[in-house]
Amino acid sequence: MTPDRPLVLGIETSCDETGVGIVRGEELLIDAVASSVDEHARFGGVVPEVASRAHVEAMIPTLERACTSAGVRLADLDAIAVTSGPGLAGTLMVGVAAAKALSLALGIPLYGVNHLAAHIAVDILEHGPLPEPVLALLVSGGHSSLLLVPDVTSDVRPLGATIDDAAGEAFDKVARVLGLPFPGGPHIDRAAGDGEITIDFPRGLTSGRDLERHRFDFSFSGLKTAVARWVETERASGRTVPVADVAASFQEAVVDVLTRKAVAAAREHGVTDLQIGGGVAANSRLRALAQERCAANGIRLRVPRPGLCTDNGAMVAALGTQLVARGAAPSALDVPADSSMPVTLVQS
Ligand code: KG4
Ligand code: ZN
């Protein structure tokens, strides 16, 4: 029999965060995260082998911390959910192996779930059941996608995605050009707060044939290059680079395109609710401009708090409880870690 409010443990290891979350029904009990981000800082990006080893070391302590803080015994759990993809192959494997071991040892079902669908489901913990359909804008270091979501447990339809760099990746690369630390998003956000939008940087795929061909796709690679060129020219002519103004102008170009395309997609598909998720959803200007443009277009906006936007285990547990509650069949015990799992596949 399906429990009314299933108690599900979620494990996330698709990138550099070891996340273990526990959810009962739609209630978040604990979200324990151990990050290896500091170990990658000097490389200016996540090093997969370093991240994989960090997951191995952090898994059991994080699991113990989650159970102790939530007052949950492993024997109380109804199911285990784990990110089976997409993500880094080696890091995914650590989480999937841990989840299989728990499922087998405890004799409870295992759900291998899609990382992107989990980024959408997490908002249930903060704002209650998802509207069906909801339009999801997922923006992080690894993905930038616009998704039409009639049902997060079974029906996720891609409308568009980045054709080159992810939005967070652009933040990280531009931060590096400006001499700001990794990961760059929060530093650019902070610097931009002291700056003015003085430079008109390009908005990729927003006009002419590009827009026709890529209505809901994104491109941030040209913008990143434009910023690097602008900064180089300033330095070459001996001028001091106005870091805060460059940060504000770059940030505006990114969030203008993201919100413009999200609102256009919602209108075109007759969807009245937009959800933003992923690490870049923590960006203060993105939140403000999305709020402004949604209000002007009669769209309700949902953005989880920043801690639930970045990668975590609670999002995986949140999707797991939805799958259990809707009677979805568990995954097989040989479920693979699938680094290129398609977004349309909610569960493997
Ligand atoms: O979702 P996440 O934690 O991990 C991935 O799946 O990538 O996202 C991390 C990304 C990084 O690129 C980081 O620079 C960006 O999110 N980020 C931000 C902000 N906070 C984090 N970007 C812009 N503004 C922020 N406040
Ligand atoms: Zn993510």
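Right above here is the structure, for reference.
All figures in this text were calculated on a predicted structure; none of them were measured in a lab.

1. Overview of the site of ligand 1
Surveying the vicinity of ligand 1 reveals 20 residues, the closest of which are Gly141, Asp172, Gly185, Asp189 and Asn283. In the model, an oxygen atom of ligand 1 is placed 3.4 Å from a nitrogen or oxygen of the Ser140 side chain. For ligand 1, an oxygen atom lies 3.0 Å from a polar atom in the side chain of Asp311. Here ligand 1 has 550 Å² of accessible area as a free molecule, and 89% of this is covered by the chains. Here ligand 1 is seated within the largest pocket. In terms of residues, the shell around ligand 1 owes the most to one element, helix α7 (residues 184-193), which gives four residues. Split into classes, the residues belonging to the shell around ligand 1 amount to five nonpolar, 11 polar and four charged.

2. Quick word on unusual backbone geometry
A cis amide bond, omega -10 degrees, links Gly85 with the succeeding residue Pro86. With respect to the secondary-structure elements, Pro86 resides in the loop between β4 (79-85) and α3 (89-106). Its identity as a non-glycine residue notwithstanding, Leu205 has a phi of 55 degrees, on the positive side. We classify Leu205 as buried; its relative accessible area is 7%.

3. Digging into the side chain of Lys224
Turning to its location among the elements, Lys224 is positioned in helix α9 (residues 221-236). A polar contact is formed between the side chain of Lys224 and the side chain of Asp165, at a distance of 2.9 Å. Those residues in contact with Lys224, other than ones at most four positions away along the chain, are Asp165, Lys173 and Val174.

4. Here's the deal with the pairing of strand β2 (residues 17-24)
Burial analysis of β2 places seven of its eight residues in the buried class, the great majority of the element. With six bridges joining them, strand β1 (residues 7-12) and β2 adopt antiparallel strand pairing. When the bridges of β2 are listed, Leu9 appears paired with Ile22. What sits between β1 and β2 in their antiparallel hairpin is a turn of four residues. Relative to strand β3 (residues 27-35), β2 runs antiparallel, the two being bridged by eight bridges. From the neighbouring strand, Gly21 faces β3, where its bridge partner is Asp31. Taking the residues that link successive antiparallel strands as the turn, the β2-β3 hairpin has two residues, and the phi of Gly25 there is positive, at about 60 degrees.

5. Focus on the pattern of salt bridges
Going through the model one piece at a time under the given rule, you end up with 18 salt bridges. Taking the shortest distance from any N to any O, the salt bridge between Glu169 and Lys173 comes out at 3.1 Å. Of this pair, Glu169 and Lys173 both sit in helix α6 (residues 167-177), four residues apart, roughly one helical turn. Accessibility expressed as a relative area gives 31% for Lys173, which makes it partly exposed. Here Glu234 and Arg239 are joined by a salt bridge, their closest N and O atoms 3.1 Å apart. Assessed through its relative accessible area of 12%, Glu234 is described here as buried. Its relative accessible area of 46% is what places Arg239 among the partly exposed residues.

6. Focus: the coordination of the zinc ion (ligand 2)
The protein atoms that coordinate the zinc ion (ligand 2) are His115 (NE2), His119 (NE2) and Asp311 (OD), at distances spanning 2.1 to 2.2 Å. Between the donor residues of the zinc ion (ligand 2), the gaps in sequence give the motif H-x3-H-x191-D. Taken together, the residues His115 and His119, both in helix α4 (residues 115-121) and four residues apart, mark about one turn of the helix. The buried category is assigned to His115, whose relative accessible area is 1%.

7. Quick word on α3
Compared with the 26 Å implied by 1.5 Å per residue over 18 residues, the 26 Å span of α3 between its first and last C-alpha is a close match. As for α3, its buried residues are in contact with β1, α2 (48-70), β4 and β5 (110-114). Just beyond α3, the residue with positive phi is Gly107, at close to 65 degrees.

Rules used throughout
Residues numbered from 1 in each chain as written. Chains lettered and ligands numbered in written order. Predicted model: local features only at pLDDT ≥ 70, side-chain atom pairs only at ≥ 80, totals over all residues. Heavy atoms only, no water. Near = heavy atom within 4 Å. Polar contact = N/O pair within 3.5 Å; in protein donor to acceptor, adjacent residues only side chain to side chain. Areas by Shrake-Rupley, 256 points an atom, 1.4 Å probe, with all protein chains shown as cover. 1 Å grid on protein atoms, 1.4 Å probe; cavity = no way out; pocket = protein on both sides within 12 Å on 5 of 7 lines; lining within 4 Å. Sits in = over half its atoms within 2 Å of the grid points. Helix = DSSP H or I, 4+ residues; strand = E, 2+ residues; numbered from the N terminus. Nonpolar A, V, L, I, M, F, W, Y, C, P; charged D, E, K, R; others polar. Buried < 20%, exposed > 50% of the residue type's maximum accessible area, 1.4 Å probe, protein only. Contact = heavy atoms within 4.5 Å. Pairing = 2+ DSSP bridges. Salt bridge = Lys/Arg side-chain N within 4 Å of Asp/Glu carboxyl O. Donors = N, O, S within 2.8 Å, 3.2 Å for Na, K, Ca; no water. Expected span 1.5 Å × (residues − 1).

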